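So the chains spell out like this:
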Amino acid sequence: MDNRQQLLDSALALFSQRGYDAVGVREIVEAVGVTKPTLYHYFDSKRGLLDALLQRESGHLLTEVLQAAVYHGDLVLTLENIVRAYFRIAQKASAYYRMQLTMYFSPPESEGNQAIRPFTTQQREILEDVFIRAAEDHGNLRGRHSRYAAGLLGVVNATIGLYFNDALALNEEIVYQVVHQFMYGIFS
């Protein structure tokens, strides 16, 4: 494996364990066995490293969610597919997902939050589009797509957070519960 990939992998492991702000460049390069100039050759800065890492890792999540978000007239099925996609990513790429959550919930002015914001915005827009399309079949959804997308993403992320803390498993029963509790809330 080349130094660039090793630096990305090392940064991912460290950022997911301790958070972006708590990890220094020196720690990343020492974990790989290279010098700071090597990191700066590939990425220019710690933020450049983070941006490259997010670009590499977020593509998988966005692709899975986009594929799951195809709406064909059945909102419950579509939401179950979306929740399953998020759960798969959280299980397959747990270091990335944990890092994403940490940055997403960090202060808005923090470098980590600013870096992750375009990717979380894309996720929210994918979900908003589902609710916009579903509003054609369910009139009570009309005009509420932003709130529903944020709400669904919040429930999904809270559930994944519980999974990361060994409080529950991500399985079909949890997919069902998340979607049906969410649906009860929007239709009640």
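Refer to the structure above for everything that follows.
Residues numbered from 1 in each chain as written. Predicted model: local features only at pLDDT ≥ 70, side-chain atom pairs only at ≥ 80, totals over all residues. Heavy atoms only, no water.

*Asks:* Even after reading the chapter, I still don't get the overall build of the protein, so can you show me in this structure?
*Replies:* Looking only at helices and strands, one finds 9 helices and 0 strands in the protein. If you line up the protein on its principal axes, its C-alpha atoms span 60 × 30 × 30 Å. Considering only residue pairs separated by 6 or more positions, the protein has 66% of its internal contacts joining residues 24 or more positions apart. As displayed, the protein has an accessible area near 9400 Å², and 51% of this comes from carbon and sulfur atoms. Distance between charge centroids for the protein: 3 Å, based on 17 positive and 21 negative side chains. (Helix = DSSP H or I, 4+ residues; strand = E, 2+ residues; numbered from the N terminus. Contact = heavy atoms within 4.5 Å. Areas by Shrake-Rupley, 256 points an atom, 1.4 Å probe, with all protein chains shown as cover. Lys, Arg positive; Asp, Glu negative; His and termini not counted. Charge placed at Lys NZ, Arg CZ, Asp CG, Glu CD.)

*Asks:* I'm lost on empty space enclosed by the protein in this one. Help?
*Replies:* A water-sized probe rolled over the atoms picks out the places where empty space is left. Evaluation of the coordinates by the stated rule reveals 1 cavity of 30 Å³ or more. Considered as a void within the structure, the largest cavity measures approximately 40 Å³ in volume. Contributing elements (two or more residues each) for the lining of the largest cavity: α6 (94–104), α7 (111–134) and α8 (145–164). Residues of the lining of the largest cavity, tallied by class, amount to 2 nonpolar, 4 polar and no charged. (1 Å grid on protein atoms, 1.4 Å probe; cavity = no way out; pocket = protein on both sides within 12 Å on 5 of 7 lines; lining within 4 Å. Points joined across faces, edges and corners; volume = space filled by probe spheres on them. Nonpolar A, V, L, I, M, F, W, Y, C, P; charged D, E, K, R; others polar.)

*Asks:* I'm lost on the packing of aromatic side chains in this one. Help?
*Replies:* Working definition: an aromatic ring pair is given by the centre-to-centre distance plus the angle between the planes. Applying the stated criterion to the full structure yields 9 aromatic pairs. Aromatic side chains tyrosine 86 and tyrosine 97 sit 6.4 Å apart centroid to centroid with 90 degrees between the ring planes, which places their arrangement in the edge-to-face category. On the criterion of sequence distance, the pair formed by tyrosine 86 in helix α5 (residues 75–92) and tyrosine 97 in helix α6 is long-range, its members being 11 residues apart. Each member of the pair, tyrosine 86 as well as tyrosine 97, is classed as buried. Judged by centre distance (5.9 Å) and plane angle (50 degrees), the ring pair of phenylalanine 131 and phenylalanine 182 falls under tilted. A residue pair is termed long-range when its members are at least 10 positions apart, and phenylalanine 131 in helix α7 and phenylalanine 182 in helix α9 (residues 172–187) qualify at 51 residues. Neither phenylalanine 131 nor phenylalanine 182 differs from the other in exposure class; each is buried. Feature note: the residues Tyr86, Tyr97, Tyr163 and Phe164 constitute an aromatic cluster, connected by ring pairs. (Phe/Tyr/Trp six-rings, centres within 6.5 Å; stacked < 30°, edge-to-face > 60°. Buried < 20%, exposed > 50% of the residue type's maximum accessible area, 1.4 Å probe, protein only.)

*Asks:* What is the right way to read helix α4 (residues 46–68) from this model?
*Replies:* Compared with an ideal rise of 1.5 Å per residue, which puts 23 residues at 33 Å, α4 spans 33 Å between its outermost C-alpha atoms and is within 8% of the ideal. The largest bend in α4 is about 35 degrees, located at serine 58. (Expected span 1.5 Å × (residues − 1). Bend = angle between axes of the 7 residues up to and from the residue.)

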